[in-house]
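# Per-entry structural report
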Amino acid sequence: DALLLFLPHSTEETGNDIVAAAHVAERMNAQPEDCLILKEDCGARRLKSIMRECDFVVGERTHSLIGSVSVGTPFVALTNRRDTRTHGIIGQMCGCPEHIVDMDVTSAEDASGKALELFANRAGLRDSLERVRRRLSKQIDELSRVVRGFTGGSSVETQA
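Attention in this report is confined to the structure presented alongside it. Worth saying up front: this structure is predicted, and the values here are computed from it rather than measured.

### Quick look at the packing of helix 2 (residues 44–52) against helix 3 (residues 62–71)
Packing of helix 2 against helix 3 leaves a shortest axis separation of 9 Å and a crossing angle of 60 degrees. Considered as vectors, helix 2 and helix 3 are oriented oblique to each other. Helix-helix and strand crossings are classified by hand; for helix 2 and helix 3 the assignment is right-handed. Together, Lys48, Met51 and Arg52 of helix 2 and Ser64, Gly67, Ser68, Ser70 and Val71 of helix 3 make up the contact between the two elements. Counted by class, the contact of helix 2 with helix 3 contains two nonpolar, four polar and two charged residues.

Spelled out as structure tokens, the structure:
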């Protein structure tokens, strides 16, 4: 009883998420009316607005996972052990290693089980992600103050 919404984060010819979503949707055990593929490049702000309204995100692209964290939407990150960006940003910097599933060492059944476990606990995850979001926001504010202090409150300019 869910609507599966596919959100493209890349619409370039190589690595087009719209094409990938169509392939996934074809192979799913779901009715066509249960899946919706957004077929336009929305930009980060619009994608985050949509993600904020979702109950849960299953993501592979690092930027989609960053979006989930930044709006506090519970998620599972499907990746592999060599993906240093997802492990570094989502696992270490955001402090969400329990959301990461390395597909190169995890069976499909175990990955599905982990995703379902996270989904079942999404209310608690939303609360913990809100704490992560506030912590990261505070760090960004502190960094902004340092940069403003360094530049004397003016905008940073580069000289050629």
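### So, the sheet that holds strand 3 (residues 57–59)
Sheet architecture is open: three strands sit in the order 3-4-5, paired in parallel fashion. Edge positions in the sheet fall to strand 3 and strand 5 (100–102), since each has one partner strand and no second. Pairs of neighbouring strands in the sheet enclose a mean axial angle of 20 degrees, with direction left out of account. Sheet topology note: the strand 3/strand 4 (residues 75–79) ladder contains three bridges and is parallel. Paired with Gly59 across the strands is Ala77, a residue of strand 4.

### Considering the pairing of strand 4
Taken across its five residues, strand 4 has four buried, putting it largely inside the fold. Read as a crossover between parallel neighbours, the route from strand 3 over helix 3 to strand 4 is right-handed. Crossover strand 4 to strand 5 through helix 4 (residues 84–93) is right-handed.

### Digging into helix 4
For helix 4, every residue scored as buried is listed here: Thr86, Ile90 and Gly91. For helix 4, the buried positions fall inside an angular range of 90 degrees around the axis, keeping them on one side. The exposed set on the far side of helix 4, more than 90 degrees from its buried face, consists of Thr84 and Gln92. Buried residues along helix 4 sit in contact with helix 3, strand 4 and strand 5. The N-cap of helix 4, judged by a side-chain oxygen 3.3 Å from the amide nitrogen of Arg85 a few residues on, is Asp83.

Calculation criteria
Note on numbering: residues in each chain are counted from 1, in written sequence order. Given that the model is predicted, a residue must reach a pLDDT of at least 70 before its local features are reported, and side-chain atom pairs must reach 80 or more before they are shown or counted; all residues, however, enter totals for whole chains, interfaces and linings. Side-chain metrics in this entry use all non-hydrogen atoms of the structure; hydrogen atoms and water are not considered. Think of each axis as a best-fit line through the C-alpha atoms, taken over the contacting stretch in the case of a helix, with angles from 0 to 180 degrees between the N-to-C directions. In this description a helix means any DSSP run of H or I spanning at least four residues, a strand means any run of E spanning at least two, and both kinds are numbered starting from the N terminus. These descriptions rest on fixed angle ranges, namely under 35 degrees for roughly parallel, over 145 for roughly antiparallel, 65 to 115 for roughly perpendicular, and the rest for oblique. A clockwise turn of the near helix away from the far one marks a right-handed crossing, whereas an anticlockwise turn of less than a right angle marks a left-handed crossing. Residue contacts are counted whenever heavy atoms from the two residues lie within 4.5 Å of one another. Lys, Arg, Asp and Glu make up the charged group, whereas Ala, Val, Leu, Ile, Met, Phe, Trp, Tyr, Cys and Pro make up the nonpolar group; the residues left over, Gly among them, are polar. DSSP-based pairing: two strands are paired if at least 2 bridges between them are found. Each residue is assigned to one of three classes by its accessible area relative to the maximum for its type, calculated with a 1.4 Å probe on protein chains only: buried under 20%, partly exposed between the two thresholds, exposed over 50%. Crossovers are marked right-handed if the path from the first strand over the helix to the second runs clockwise, as seen with the strands pointing away from the viewer. Directions are taken from the helix axis to each C-beta atom, and the arc is the one they span. Identification of polar contacts relies on pairs of N or O atoms within 3.5 Å, with a donor-acceptor requirement for protein atoms, meaning one able to donate a hydrogen and the other able to accept it, and with residues adjacent in sequence counted only if both atoms are side-chain atoms.

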